[in-house]
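# Per-entry structural report
This is what each chain is made of:
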Amino acid sequence: MPPTQSHRDFLAIPDFSKDELTGLFALADRMKRGVHVRKPLVGKILAMIFTKSSTRTRVSFEVGTTQLGGHAIFLSDRDLQIGRGEPIADTARVLSRMVDGIVIRTFAHADVDELARHADVPVINGLTDLQHPCQVLADILTIRQNFGTHEGKKVAWIGDGNNVANSWLDAAYRLGFDLALACPEGYDPDPKLLARAKENANVTLHRDPREAIAGANAVNTDVWASMGHEEEQKAREKAFASFTVDAKLMSAAAPDAIFLHCLPAHRGEEVSADVIDGPQSVVWDEAENRLHIQKAILAVVMGGERLG
Ligand code: CP
Ligand code: NVA
């Protein structure tokens, strides 16, 4: 944190140290089990700016804030003056005078950086074109709940090198587990985040999904066309044709492997219905874990909760 900043943001997974992440998982577990009974957000207001659609992120932040004693305000760019060109910096300054924290989901990651630079309250990244950090922390929480730990586990990412894939790279960088990605040529993850993750973890990039999935403990995929890429759907269907996670591909993972998907999913595209609706799928626990991990994040950055 810069010395002039009295609050902390959560824009990407490396904003927390390895120890802090371990503490966040423990806090989220306590919240899930109902052991954490404090209400650190009493009297606090969270503003939630969304310029893209959302079911899970919006509902989990809103519900989580209420459960912690606070109040959340949903702000769509269709209603905000941002949608009519008011600068992000001015929006940050004004919201900082009225609320205690801001969640933002938008397109350009630079816009979130800009908001955080000018806000005097914590800013949490609810998804950008570059990152989806809350999602991947929920995914790792799910892995820990299934295997007791994420350490020594192999995660396979099959599909687009998108925002979720990039946050997996950041997680491997911070936590050091094995990560194998299979992406078609032209759809690789962010090269800087890939290079940095490779410095600290066994991270490999493949063109053949069978190579990446071999022996994996957790198999993860996502839509072929993320929000903002809808017009590329047809071209992407061609490029990703051999990347569907189906029963045959899953059989190359570890026998007790779990299947993860951030949702929403397109059955018959990136995942077959028998896999996402089958016994190895933990996608509903994974979706629920968004609530628990984000409550832990809110309690820490907005509610003064201490980790450890
Ligand atoms: N996984 C996820 O972020 O879902 P929403 O787009 O519904 O928020
Ligand atoms: N990669 C997807 C994630 C949706 C939660 C997207 O950005 O649309």
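The present account deals with the structure reproduced in this document. Per chain, the residues get numbers from 1 upward, laid out in the order the sequence is written. Each chain is given a letter, starting from A, and each ligand a number, starting from 1, according to the order in which they appear as written. Since the coordinates come from a predicted model, pLDDT governs what is reported: local features require at least 70, and pairs of side-chain atoms require 80 or more to be given and counted, while whole-chain, interface and lining totals use all residues. Note: side-chain values were computed over all heavy atoms of the structure, leaving out hydrogens and water.

## Section: the sheet that holds strand β9 (residues 258–261)
In this analysis, strands are considered paired if DSSP registers two or more bridges between them. Only DSSP runs of H or I covering at least 4 residues are called helices, and only runs of E covering at least 2 are called strands; the numbering of each starts at the N terminus. Ordered in space as β7-β6-β5-β8-β9, the five strands form an open sheet in which the pairing is parallel. Edge strands, defined here as strands with exactly one partner in the open sheet, are β7 (203–206) and β9. Between one strand and the next, the sheet's axes are offset by a mean angle of 20°, whatever the strand orientation. Pairing analysis gives four bridges linking strand β5 (residues 154–158) to strand β8 (residues 218–221), with the strands arranged parallel. Residue W157 lies in a different strand from β8, and its bridge partner there is N220. Only the contacting stretch of a helix is used when fitting its axis, a line to C-alpha atoms as for every element, and angles between N-to-C directions run 0 to 180 degrees.

## So, the site of ligand 1
Residues are labelled near a given molecule or strand when at least one of their non-hydrogen atoms is within 4 Å of it. In the vicinity of ligand 1, the contacting residues are S54, T55, R56, T57, R105, H132, Q135, C262, L263 and R290. Each polar contact in these results corresponds to two N or O atoms within 3.5 Å; when the atoms are within protein, one needs to be able to donate a hydrogen and the other to accept it, and residues that are neighboring in sequence are counted only if both atoms are side-chain atoms. Within the side chain of R56, a nitrogen or oxygen atom sits 2.8 Å from an oxygen atom of ligand 1. Measuring from a nitrogen atom of ligand 1, one finds a backbone N or O atom of L263 at 2.9 Å. Only the protein chains shown count as covering a residue, and every accessible area follows the Shrake-Rupley method with a 1.4 Å probe. Protein coverage of the free-state accessible area of ligand 1, which is 250 Å², stands at 96%. Three classes are used, and their members are as follows: Ala, Val, Leu, Ile, Met, Phe, Trp, Tyr, Cys and Pro are nonpolar, Asp, Glu, Lys and Arg are charged, and the others, Gly among them, are polar. Residues of the shell around ligand 1, tallied by class, amount to two nonpolar, five polar and three charged.

## Some thoughts on the site of ligand 2
In the region of ligand 2, the neighbouring residues are L127, H132, N162, N163, D222, S226, M227 and L263. In the environment of ligand 2, an oxygen atom lies 2.8 Å from a nitrogen or oxygen atom belonging to the side chain of N163. Notes on ligand 2: free accessible area 270 Å², of which the protein chains cover 94%. Across the shell around ligand 2, the residue classes break down as three nonpolar, four polar and one charged.

## With respect to the environment of G176
Among the secondary structure elements, G176 is positioned in the loop between α6 (163–175) and β6 (178–182). Residues G176 and L24, spaced 152 residues apart in sequence, show a C-alpha to C-alpha distance of 17 Å. When residues no more than four places from it in sequence are discounted, the contact partners of G176 are A171, N200 and A201. Should any heavy atoms of two residues lie within 4.5 Å, those residues are counted as being in contact.

## Observations regarding the pattern of salt bridges
By salt bridge we mean one thing: a side-chain nitrogen of Lys or Arg within 4 Å of a carboxyl oxygen of Asp or Glu. Counted by the stated rule, this structure contains 14 salt bridges. Connected through shared salt-bridge partners, D160, E232 and R236 make up one network.

## A look at the sheet that holds strand β4 (residues 123–125)
The strand order β2-β1-β3-β4 describes an open sheet built from four strands, whose pairing is parallel. Edge positions in the sheet fall to β2 (71–76) and β4, since each has one partner strand and no second. Shown here is a sheet whose adjacent strand axes are inclined to one another by a mean of 20°, direction ignored. With six bridges joining them, strand β1 (residues 45–50) and β2 adopt parallel strand pairing. Paired with L46 across the bridge in β2 is A72. Contacts between helix α4 (residues 109–118) and the sheet are confined to β1, β3 (101–105) and β4, with β4 contributing the most and set at about 165° to the helix.

## Here we look at the packing of helix α1 (residues 18–33) against helix α5 (residues 133–147)
Viewed as axis vectors pointing N to C, α1 and α5 meet at an angle of 70°, and their least axial separation amounts to 11 Å. Comparing their axes, α5 and α1 come out roughly perpendicular. Every residue of α5 that contacts α1 at L21, L24, F25, A28, D29 and K32 is listed here: L137, I140, L141, R144 and Q145. In terms of residue class, the contact of α1 with α5 is made up of seven nonpolar, one polar and three charged. Convention used here: angles under 35 degrees read as roughly parallel, angles over 145 as roughly antiparallel, angles from 65 to 115 as roughly perpendicular, and any remaining angle as oblique.

## What about unusual backbone geometry?
In this model, L263 is joined to P264 through a cis peptide bond whose omega is 5°. Tracing the chain through its elements places P264 in the loop between β9 and α11 (273–276). For L127, which is not a glycine, the phi torsion comes out positive at approximately 125°. Looking at the element boundaries, L127 is found in the loop between β4 and α5. Residue class for L127 comes out buried when judged on its relative accessible area of 7%. Look at L263: it is not a glycine, yet its phi comes out positive at around 70°. Summarising the element assignment, L263 is placed in the loop between β9 and α11. When a residue's accessible area, from a 1.4 Å probe over protein chains only, is under 20% of the maximum for its type it is buried; when over 50% it is exposed; and in between it is partly exposed.

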